[in-house]
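Topology and contacts: notes
Given next are the chains, with one letter for each unit.
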Amino acid sequence: MKNTFRRPYHHIRHYVAPQGPKDFDSETLPLVDKDVSLEQVIDKVQIEGSLPFDLKEKLAFWRENGFVVLENVLPTQWLDNLWNEVEETIENHEKYDMTALVYQFNNTKDAKLKDIPKDKLKSIGARINDYHNASIGAKKVMTHPNIVAFLRAVLDNDLTAFQSLIFKYSSQQSTHQDYPWVTSGVPSHLAAAWIPLEDVHPDSGPLFYYPGSHKLPKFHFGVTGILYKHGLSLFSPDQFGKYLDKICAKFGIQKKVLLIKKGDILIWHGALAHGGSRINNAEMTRKSFVCHYSTVQAQPKHRAETKDVSQTSYYNGVAIYANPANLAQEDIISQGKDWTE
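Below is a summary of the structure that appears in this document. Each chain has its residues counted from 1, running along the sequence as written. pLDDT decides what is reported in this predicted model: residues at 70 or higher carry local features, side-chain atom pairs at 80 or more are listed and counted, and totals for whole chains, interfaces and linings draw on all residues regardless. Only hydrogens and water are removed before side-chain values are computed, so all heavy atoms of the structure are retained for them.

For helix H3 (residues 55-65), the full list of buried residues reads Leu55, Lys58, Leu59, Trp62 and Asn65. The arc enclosing the buried residues of H3, seen along the axis, measures out at 150 degrees, which places them on a common side. Throughout, a residue-residue contact means that at least one pair of heavy atoms, one from each residue, lies within 4.5 Å. Strands are runs of DSSP state E lasting at least two residues, helices are runs of H or I lasting at least four, and both sets are numbered from the N terminus onward. Packed against the buried residues of H3 are helix H2 (38-43), strand E1 (67-70), helix H8 (145-154), strand E6 (191-196) and strand E9 (265-269). Under the rule applied, a polar contact is a pair of N or O atoms within 3.5 Å (in protein, one hydrogen donor and one hydrogen acceptor; residues adjacent in sequence only if both atoms are side-chain atoms). Residue Asp54 occupies the N-cap position of H3, its side-chain oxygen lying 3.1 Å from the main-chain nitrogen of Lys56. Immediately downstream of H3, the backbone of Gly66 shows phi near 80 degrees, a positive value. A 1.4 Å probe rolled over the protein chains alone gives each residue an accessible area, and that area as a share of the maximum for its type sets the label: buried under 20%, exposed over 50%, partly exposed in between. By construction, the arc corresponds to the directions joining the helix axis to the C-beta atoms.

Right, here's the structure in full:
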């Protein structure tokens, strides 16, 4: 009986309740997403030194496909150092107040590392949240000049790196787009970087994506519009994922699997549909560092900040906000200050 009435109830609420936005605000779109020449986009970018890639060529690919792969742009020694830090952090997890999520342990509710058993932190389905707040090295990796130059072109010169995730294994996450969950004051001011900390193997559950899906009509959660808010949105993340798979098929967009090497980086549009493939070999890791970026205009302080401003550090001109809930452990993992290329 309950299921009989659930669908009509949702339809009534969807069409009668106040509706949130149905798309990004055209006025606040990043310049690259507007109908302007790429020369205009490049002219506003502040770049110091030369780049190991053709910026105009990469921007053209981004505009069409919603992602770009930059090859061999990060120092692999930094990436090895970063993973060594992560392993040491897990081994000594009782020292840390940074949080993590672990499948079938704390699921969607963050818990401090010191409260999560070590074996759980090493298992499939575990991820560490905002590792960059504790690690100077992670801050340096996520704001490497090669990354920042491209992000300034697709977002703005005034950037913030405001969220990160560390994975040892594939997330195996279903198809999704980032903007409904990773929200800021301007939903279109969002880009992400997927940084492999080892070469990606086909059986390790590689990231998949749908090229060009950033241009598709947005999913409407009802009431909350294109953004998802737990307890308020009328449709679930699972329904959202099914919509994306269905509409990509409708428009003939084929799923692609990402197999890149340590030192490469994938940067994607906040509206690119993507996810984590199934792990075919449970012995195989897929160590990665995922970072989210926005503009200072859209994200002027830490998302958990209750004051007017956040304690802020700058790396290559990128604003990084300290976590107000864990200020004592900001930059506590400090080996990265000595890393050089």
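Our focus in this paragraph is the pattern of salt bridges. When a carboxyl oxygen of Asp or Glu is within 4 Å of a side-chain nitrogen of Lys or Arg, the pair counts as a salt bridge. Under the criterion given, the structure shown has twelve salt bridges. Note that Arg303 is salt-bridged to Asp130, the shortest N-O span being 2.4 Å. Of this pair, Arg303 sits in the loop between strand E11 (288-295) and strand E12 (312-315) while Asp130 sits in the loop between strand E4 (126-129) and helix H6 (131-134); the two residues are 173 residues apart in sequence, bridging distant segments of the chain. Asp130 gets classed as buried once you look at its relative accessible area, which sits at 9%. Between Glu330 and Lys139 there is a salt bridge, with the nearest N and O atoms lying 2.9 Å from each other. Remark: Lys139 occurs in helix H7 (residues 136-142) and Glu330 occurs in the segment after strand E13 (318-321); sequence separation between them is 191 residues. For the residue pair Glu330 and Lys139, the accessibility class agrees, reading buried in each case. One network of salt bridges, with partners in common, ties together Glu91, Lys118 and Lys122.

All right, on to unusual backbone geometry then. Although it is not a glycine, Gln104 adopts a positive phi angle of roughly 60 degrees. Note that Gln104 resides in the loop between strand E2 (99-102) and strand E3 (111-112). The phi dihedral of Asp331 is positive, around 60 degrees, even though this residue is not glycine. Looking at where Asp331 falls in the secondary structure, it is placed in the segment after E13. The partly exposed category is assigned to Asp331, whose relative accessible area is 26%.

Bringing the packing of H3 against H8 into the picture now. The interhelical angle for the contact between H3 and H8, taken along N-to-C directions, is 55 degrees, at an axis separation of 11 Å. With respect to H8, the element H3 is oriented oblique. As for how H3 packs across H8, the hand of that crossing is right-handed. In contact with Leu55, Lys58, Leu59 and Trp62 of H3, H8 contributes Phe150, Ala153 and Val154. Class assignment of the residues belonging to the contact of H3 with H8 gives a composition of six nonpolar, no polar and one charged. The convention used is that axes are lines fitted to C-alpha atoms, helices contributing only their stretch in contact, and that angles between N-to-C directions extend from 0 to 180 degrees. If an angle is under 35 degrees, it is roughly parallel; if it is over 145, roughly antiparallel; if it lies from 65 to 115, roughly perpendicular; otherwise it is oblique. Crossings are sorted by hand: turned counterclockwise from the far helix by less than a right angle, the near helix makes the crossing left-handed, and turned clockwise it makes it right-handed. Following the grouping adopted for this structure description, the nonpolar residues are Ala, Val, Leu, Ile, Met, Phe, Trp, Tyr, Cys and Pro, the charged ones are Asp, Glu, Lys and Arg, and the polar ones are all others, Gly among them.

Worth remembering: the numbers are spatial, not functional.
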